[in-house]
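An overview of the molecular structure
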Number of protein chains: 2
Amino acid sequence: MRAAVLYGGRIEVRETADPVPGPGQVLGRVLSCAICASDLHFMDNPDGVAADDSGLWDYRADQDIVMGHEFVAEIVAYGPETERTLAVGTRVTSLPVLLGAGPARIIGCAPEAPGGFGELMLLTESLIRAVPENVPFDQAALADAFAVGEYYVRRAALAPSDVPLIIGAGAIGLSAVAALRRRDVETIIVSDYNDGRLETARELGATHLVNPARQSPYEVWREVALGGRARRVAFGGSDPSTPNCVAFEFVGHPGVLDGIIQQCEQGTRILSAGGPPEGDRISSMVAKRKGVSIQFGGGPAPEDWYGTLDAICAGSLDVSPVIGMAVDLDGVPGALDLARVGNGPARIMIRPTGDTALPAAAR
Amino acid sequence: MRAAVLYGGRIEVRETADPVPGPGQVLGRVLSCAICASDLHFMDNPDGVAADDSGLWDYRADQDIVMGHEFVAEIVAYGPETERTLAVGTRVTSLPVLLGAGPARIIGCAPEAPGGFGELMLLTESLIRAVPENVPFDQAALADAFAVGEYYVRRAALAPSDVPLIIGAGAIGLSAVAALRRRDVETIIVSDYNDGRLETARELGATHLVNPARQSPYEVWREVALGGRARRVAFGGSDPSTPNCVAFEFVGHPGVLDGIIQQCEQGTRILSAGGPPEGDRISSMVAKRKGVSIQFGGGPAPEDWYGTLDAICAGSLDVSPVIGMAVDLDGVPGALDLARVGNGPARIMIRPTGDTALPAAAR
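The rules behind the values
Residues numbered from 1 in each chain as written. Chains lettered and ligands numbered in written order. Predicted model: local features only at pLDDT ≥ 70, side-chain atom pairs only at ≥ 80, totals over all residues. Heavy atoms only, no water. Least-squares fit on C-alpha atoms with pLDDT ≥ 70 in both. Contact = heavy atoms within 4.5 Å. Phe/Tyr/Trp six-rings, centres within 6.5 Å; stacked < 30°, edge-to-face > 60°. Buried < 20%, exposed > 50% of the residue type's maximum accessible area, 1.4 Å probe, protein only. Lys NZ or Arg CZ within 6 Å of the ring centre and 35° of its normal. Buried area = accessible area lost by both parts, 1.4 Å probe. Helix = DSSP H or I, 4+ residues; strand = E, 2+ residues; numbered from the N terminus. Nonpolar A, V, L, I, M, F, W, Y, C, P; charged D, E, K, R; others polar.

Another point: the relation of the copies chain B and chain A. Here the two chain copies are tied together by a rotation about an axis and a shift along that axis. Here chain B sits on chain A after a turn of 180° about the axis and a move of 0.0 Å along it, with an RMSD of 0.0 Å. Those values place the two copies in the arrangement expected of a two-fold rotation axis. For chain B, the smallest separation between a C-alpha atom and the rotation axis is recorded for R281(B), amounting to 2.2 Å. Of the residues that chain B buries at the interface, 98% are likewise interface residues in chain A, meaning the two copies contact each other through the same surface.

This is how it looks when you write it as structure tokens:
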């Protein structure tokens with residue numbers, strides 16, 4: 001098959017071996033696959049991948065790896081030991097995990113688990129879900145991305161008086177906006193240096209847009225939540241009768257987390273999806289003084305993932321605002337570079353079929 | 001009065017002005033006051049204190065400051081606008097907060113809020129509680145320290161299957177052991193390089209003592225909680241059917257928090273009381289991959305504080321194992337140096353009255 005292959009640390013668009021479905025696996029023809037920031041983390045930080053002891057990732061510079069874990073494919077064939085409930089030709093997506101004879105792998109993150117950056121990919125039969133014909137395949141491909149925001153928002157367990165502040169309006173930040181909107185959260189403050197992304201956040205339900213080049217998001221937070229006052233400090237902590245800040249860190253650059261710690265209000269709860277590979281410095285004494293808590297990662301859980309897919313399929317979650325571009329396989333290296341700069345559209349879709357038209361709803 | 005005065009960055013034992021109780025305040029004669037690590041933080045890190053915008057601390061190198069915020073005093077006189085419900089001579093303690101005409105201050109952390117390192121101190125009438133005659137004053141003086149462990153343990157909200165691991169058996173770590181014991185937690189693992197402190201932890205209820213110079217506390221945790229296996233990683237997080245680790249960080253040296261992040265199991269919840277003034281480096285990507293959460297500070301709340309005092313007064317909490325030494329005012333500089341080394345008794349009591357006998361129960 002043709003694929004955008006990760007080999008020797010760079011992307012080569014060329015032929016590679018057709019994947020062969022093993023026990024319990026499905027061979028799929030890729031219709032659409034999004035580029036995710038974690039594809040860049042994976043290809044740019046092999047050492048970080050090697051340090052992971054979960055075994056879910058397996059970076060090999062000397063073997064062909066086909067990345068891509070936000071996908072929709074149509075079923076081409078089944079491997080051995082499969083139920084074959086869904087007809088060949090059915091459009092499907094799934095949690096990006098490949099189960100089979102070997103160790104479990106994240107799809108697109110190991111040589112034996114080719115993902116959506118190629119014409120053909122492998123899926124796990126027990127994890128696939130049919131995508132209804134009326135659901136645009138790009139949208140279903142984004143269930144994985146939007147499940148992340150869903151997870152963090154679920155995990156934040158917002159009290160009615162809590163006021164969320166989203167730092168970073170990339171795909172994950174935008175997915176959190178959508179998850180907050182689905183919960184009818186009235187005030188959603190979003191901060192990003194990219195005005196285009198802020199506009200996308202507004203489309204998804206953000207109520208207050210802040211470009212930190214022009215205004216402090218923490219000042220906006222104080223203004224909106226506390227009428228411009230600081231949160232009162234009581235002995236031993238913050239005053240629980242005042243609205244609390246729940247800050248979502250969706251940037252992942254060194255210093256961003258500490259910036260939140262330095263500038264946030266007493267008692268702020270931080271949910272951090274970033275995690276720069278080089279580690280980060282935090283003002284731990286300030287964090288202690290403010291009683292800050294940080295939840296790093298930890299999800300999404302299957303309930304977030306399939307719940308998000310269900311919402312997309314039911315039409316109650318429209319993820320199309322984040323889709324800004326579609327490319328064929330030859331466009332993958334350039335699209336990855338664009339994603340690396342972080343200034344382009346939140347999601348670029350790869351269409352290995354060569355059909356790169358975007359529906360009218362997406363731009 | 002005579003006091004161990006913090007002036008120009010060092011401790012001078014000499015005369016200083018007698019404190020004069022303001023509106024709502026009480027003048028107390030100090031019977032006992034413990035040295036706390038945060039006294040050392042305060043005197044050793046004026047820049048960190050200056051960076052605090054809560055206003056609760058006020059470091060002034062050119063004014064006399066009398067530290068000491070874990071105290072029992074007897075009432076000598078009342079200031080104006082006081083109710084005077086308790087008779088002069090009553091032994092009292094309180095949350096270490098001085099309220100009055102000026103801004104609220106932590107007692108012992110501002111020139112106008114002299115604490116227990118002197119013969120006389122100021123208290124807030126609305127916060128004081130009488131200490132029954134049958135309760136040793138040293139024990140009541142430690143309500144403040146033991147409220148910290150109580151807070152972190154309450155905040156940890158342990159599930160029945162969670163297994164706690166306490167890193168650092170200083171006074172706060174030991175107070176957490178006592179708080180876990182009071183909740184009938186069956187397994188309490190404590191790690192410290194000081195075997196004497198580990199023995200004290202055992203007296204307070206620890207079930208597994210680990211000296212990391214000889215054994216990894218994380219290996220012990222895995223052995224005790226999981227029979228030596230690693231916690232299973234499921235897609236999107238850890239397997240909720242296995243016991244979770246709740247790690248309490250009570251050391252506060254740079255690198256300790258990251259050591260926990262690096263070595264802990266998937267899904268570990270960390271409660272961190274440390275907060276080194278110089279900040280700390282964390283492996284944020286590892287934290288993300290493991291789904292670690294960290295609660296920094298945030299307490300104790302008044303409920304923890306007075307609940308702990310009540311338990312001490314009722315005899316259901318015996319804090320005497322942490323008391324290892326008593327000194328008079330002349331002994332304060334040496335005792336602070338001993339506390340700074342961190343290798344002495346968990347609590348050294350200051351007796352400005354000059355009576356430095358320890359009851360038989362304490363060593």
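Okay, back to it.
It is worth spelling out the packing of aromatic side chains at this point. According to the stated counting rule, one finds 10 aromatic pairs over all chains in the structure shown. With centroids separated by 5.9 Å and ring planes inclined at 20°, the aromatic side chains of F248(A) and F250(A) adopt a geometry described as stacked. Here the two residues F248(A) and F250(A) agree in accessibility, since each one is buried. Taken together, the ring pairs connect Y151(A), Y152(A), F248(A) and F250(A) into an aromatic cluster. The ring of Y306(B) is capped by R129(B), whose NZ or CZ atom sits 4.0 Å from the centre of that ring.

Of the residues lining the interface, 45 residues belong to chain B; the matching set on chain A comes to 44 residues. Carbon and sulfur atoms make up 61% of the area that chain B and chain A hide from each other, which totals about 3500 Å². Elements represented by at least two residues in the side of chain B that touches chain A include exactly α2 (46-51), β17 (280-282), α9 (284-290), β18 (293-296) and α10 (302-314) of chain B. In terms of residue count, α9(B) provides more of the side of chain B that touches chain A than any other element does, five residues in total. Per-class residue counts for the side of chain B that touches chain A are 21 nonpolar, 16 polar and eight charged.

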